[in-house]
Amino acid sequence: MVALVIIALTAAAFGAIAWAVDKHRAMFGAVLPAGAAVAASLLVWILTMAVGLNNDSATVWMPWILSMLVGGAAAWATAGFVGRARHQHQVERNTAILQMH
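A brief report on the enclosed structure follows. (Residues numbered from 1 in each chain as written. Predicted model: local features only at pLDDT ≥ 70, side-chain atom pairs only at ≥ 80, totals over all residues. Heavy atoms only, no water.)

## Some remarks on the packing of helix H1 (residues 2–21) against helix H2 (residues 31–51)
No. 1: Look at H1 against H2: their axes get within 7 Å of each other, and the N-to-C directions meet at 145°. In the crossing of H1 with H2, the sense of the turn from one axis to the other is right-handed. Between H1 and H2, the residues in contact are Ala3, Leu4, Ile7, Ala8, Ala11, Ala12, Gly15, Ala16 and Trp19 and Pro33, Ala34, Ala37, Val38, Ser41, Leu42 and Trp45, respectively.
No. 2: Partitioned by chemical class, the residues of the contact of H1 with H2 number 14 nonpolar, two polar and no charged. (Axes fitted to C-alpha atoms, helices over the stretch in contact; angles between N-to-C directions. Helix = DSSP H or I, 4+ residues; strand = E, 2+ residues; numbered from the N terminus. Left-handed = near helix turned anticlockwise from the far one by under 90°. Contact = heavy atoms within 4.5 Å. Nonpolar A, V, L, I, M, F, W, Y, C, P; charged D, E, K, R; others polar.)

## Brief notes about the nonpolar core
No. 1: By size, the foremost hydrophobic cluster in this structure holds seven residues: Ala11, Ala18, Phe28, Ala37, Ala75, Ala79 and Val82.
No. 2: Elements represented by at least two residues in this core include exactly H1 and helix H3 (62–100).
No. 3: With three residues, H3 is the largest single contributor of residues to this core.
No. 4: If near-sequence neighbours (up to four positions away) are discounted, Ala37 is found in contact with Ala11, Gly71, Ala74 and Ala75. (Core = buried A, V, L, I, M, F, W, Y, C linked by side-chain atoms within 4.5 Å. Buried < 20%, exposed > 50% of the residue type's maximum accessible area, 1.4 Å probe, protein only.)

## A closer look at the side chain of Thr78
No. 1: Mapped onto the fold, Thr78 is located in helix H3.
No. 2: Accessibility expressed as a relative area gives 18% for Thr78, which makes it buried.
No. 3: The residues touching Thr78, leaving out its near neighbours within four places in the chain, are Leu32, Pro33, Ala36 and Gly83.

## Description of the environment of Ala30
No. 1: Of note, Ala30 is situated in the loop between H1 and H2.
No. 2: The spacing of Ala30 and Asn55 is 25 residues in sequence and 36 Å in space, taken between C-alpha atoms.

## A short note on H3
No. 1: Its 39 residues give H3 an end-to-end C-alpha distance of 56 Å, which sits within 8% of 57 Å, the value for a rise of 1.5 Å per residue.
No. 2: All buried positions along H3 are accounted for by Pro63, Ser67, Gly71, Gly72, Ala74, Ala75, Thr78, Ala79, Gly80, Val82 and Gly83.
No. 3: Lining the buried residues of H3 we find H1 and H2. (Expected span 1.5 Å × (residues − 1).)

## Comments concerning the side chain of Thr59
No. 1: Looking at the element boundaries, Thr59 is found in the loop between H2 and H3.
No. 2: On the basis of relative accessible area, Thr59 is assigned to the buried category, the value being 19%.
No. 3: Within the structure, the side chain of Thr59 is placed 2.7 Å from the backbone oxygen of Leu53, a separation counted as a polar contact. (Polar contact = N/O pair within 3.5 Å; in protein donor to acceptor, adjacent residues only side chain to side chain.)

Keep in mind that these numbers describe shape and distance, not what the molecule does.
This is how it looks when you write it as structure tokens:
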């Protein structure tokens, strides 16, 4: 259980960092990348435990490291994709509004 808490907190921290460094962070909330990171990292942890990577002493580190890496990647991807997509949509909307007048 402690492993899940540590992995979730680390993934949430990666999500907060991804939100903080994104230049389009005004387009989405701070919880979105953190939530995506936590969900992805815990899913990977569950899958690696189900496969049995924690049974051997040579692979016991894999659920920890893979979960944190996937959580960080999910946070960066979510922040980048959502930020750019919403910014582009906002620019198109503002352009359409300005062209009406």
